[in-house]
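A look at the structure
Here is how the chains run, residue by residue.
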Amino acid sequence: MSHAVFNVPSRLVLSVLAAAALLAACGGGDDPQPYLTLDGAKPLVVGHRGASGYLPEHTIESYTLAIEQGADAIEPDLVMTKDGVLVARHEPMLSGTTNVADKPEFASRKSTKMMDGIATTDWFVGDFTLAELKTLGAKIAPASRPQANDGKFKVPTFDEIVALAKAKSQEKGRNIAVYPETKHPTFHVEQGLRLEDKLIATLVAAGWNSKTAPAFVQSFEPGSLKYMRGKGLNTRMVQLIDADWVDFKTGNLTFAAPWDRPYDWTKAGDKRLYSAMVTPAGLAEIKTYADGIGPWKPYIASLKWTLNADGSGKDVNGDGKVDWADASSTPATSLVADAHKAGLFVHAYTFRNEKGGLAFDFGGDPAKEYQLFYSTGIDGLFSDFPDTALAARAAYAKQLGY
Ligand code: G3P
Ligand code: CA
């Protein structure tokens, strides 16, 4: 694969550049080394779906835990109810994160819809009023995570999340940002629902229609962000950049539908892949409507297997499978530097503690993954475990001399 993301400087080169910047800035004295972020501030820790490693995602309780752990921002993914209310769910479907399947009164609501070109059978948020949705209990999605709180917490509205952030900001004496994502915006329009208009109205009512507001708006679909800019939303915006998976034999990202390109591009017949977004031309285009990018983390440091003589991947951790956890990190790409050069900040997703999602060279220790990514100069990251991300950030700050 030849696109720019794999045209990489080594971590050694990045370190030398950082040291040179440090000497220039500090005259070789004992001052702390500067952060390599776009604005020189410490990287932002975003509680991804709250503190979703511990509590059912996208609930007031999960967001509250993230805030109590010290997260700088909380991240609600937004979808819309039948009666036009923005609520937080990772997707328009309900069965993965609520107990809707256990509710006989909603059995007939199960339906099949075309979502982003794929026939999807589930219960859809857009077929429920807010009052109906409030009768459901949220549940934690991955089976490996604690299920003791399943069914106890409600699906929150975006208004309730904004109110929480405001109240907690006042209580804590620090700004807690809200980081909403428009989820499947083209699908919503096809259902006659416009996420963006309600999102703009809420942000304006909150007094957050400015670049300095404690808010970031993100989407995988460029058209959603452009629509909101066109409607006068000035809040910082973030273009998310996905891929399907990693080819662990080469370390290159792969692009299979529906994770090959944003669905609004697919619908418009635009054949470019997400990878087009990380080229200099792609970054310059993003800069015309957004303030930052949110790439999947292998765009910044990918993973690669050690290969056997026959070209297959080695089971280096000896668990009988050959997967993500057998791959080791490749040197950092130039993406963070390229984005900064284009004037864009970089918030990478998603960081998790589970060993199966960590590269082999991290030895099961998520702190080592954070260390690698913070040292690339990323401006922020999304974590399911904000406490781990914050502890690693504190360790990184100490290394820099803070
Ligand atoms: O928004 C950052 C990250 O959350 C994107 O992935 O699928 O968790 O929304 P997803
Ligand atoms: Ca998200």
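Structure: see above.
If you're wondering where the values come from, they're calculated on a predicted model, not measured in any experiment. (Residues numbered from 1 in each chain as written. Chains lettered and ligands numbered in written order. Predicted model: local features only at pLDDT ≥ 70, side-chain atom pairs only at ≥ 80, totals over all residues. Heavy atoms only, no water.)

1. Structural notes on the packing of aromatic side chains
Enumeration according to the criterion identifies 20 aromatic pairs in this entry. Look at Y54 and F385: their rings are 5.1 Å apart centre to centre, the planes differ by 75 degrees, and that puts the pair in the edge-to-face class. A residue pair is termed long-range when its members are at least 10 positions apart, and Y54 in the loop between β1 (44-48) and α2 (60-69) and F385 in the loop between β17 (380-383) and α12 (386-400) qualify at 331 residues. Seen in terms of ring centroids, F220 and Y274 are 6.3 Å apart; in terms of plane orientation they differ by 70 degrees. Their pairing is edge-to-face. Linking F220 in the loop between β9 (216-219) and α7 (222-230) with Y274 in the loop between α8 (263-268) and α9 (280-287), this pair joins segments that are 54 residues apart in sequence. (Phe/Tyr/Trp six-rings, centres within 6.5 Å; stacked < 30°, edge-to-face > 60°. Helix = DSSP H or I, 4+ residues; strand = E, 2+ residues; numbered from the N terminus.)

2. Some points on the nonpolar core
Counting residues in each nonpolar core, the largest one holds 90 residues, and the members touching the most others are I74, F158, Y179, I293 and Y299. Top element by residues in this core is α12. It accounts for six residues. Formed by 11 residues, the second largest nonpolar core is a distinct cluster that contains V79, F106, L136 and V155. (Core = buried A, V, L, I, M, F, W, Y, C linked by side-chain atoms within 4.5 Å. Buried < 20%, exposed > 50% of the residue type's maximum accessible area, 1.4 Å probe, protein only.)

3. As for the coordination of the calcium ion (ligand 2)
Taken together, E75 (OE), D77 (OD) and E181 (OE) make up the protein donors of the calcium ion (ligand 2), found 2.1 to 2.4 Å from the metal. Around the calcium ion (ligand 2), the six donor atoms are arranged such that angles at the metal cover 60 to 164 degrees; this shape is classified as irregular. Mapped onto the sequence, the donors of the calcium ion (ligand 2) take the spacing E-x1-D-x103-E. A residue pair is termed long-range when its members are at least 10 positions apart, and E75 in strand β2 (residues 73-75) and E181 in strand β8 (residues 181-182) qualify at 106 residues. The two residues E75 and E181 agree in class, both being buried. (Donors = N, O, S within 2.8 Å, 3.2 Å for Na, K, Ca; no water. Tetrahedral: all angles 85-135°; square planar, octahedral: opposite > 155°, others 65-115°.)

4. Side note on the pattern of salt bridges
Tallied over the entire structure, the rule returns 23 salt bridges. A salt bridge links E171 to K168, with the shortest nitrogen-to-oxygen separation between them at 3.4 Å. One end of the pair is E171 and the other is K168, both in helix α4 (residues 158-172) and three residues apart, which spans about a single turn. Classification of E171 by relative accessible area gives exposed; the value is 52%. Owing to a relative accessible area of 12%, K168 belongs among the buried residues under this scheme. K267 is the salt-bridge partner of E190, the closest N and O atoms lying 2.7 Å from each other. Of this pair, E190 sits in helix α5 (residues 185-190) while K267 sits in helix α8, and the two are 77 residues apart along the sequence. It is possible to trace a salt-bridge network through shared partners that takes in E68, K168, E171 and K172. (Salt bridge = Lys/Arg side-chain N within 4 Å of Asp/Glu carboxyl O.)

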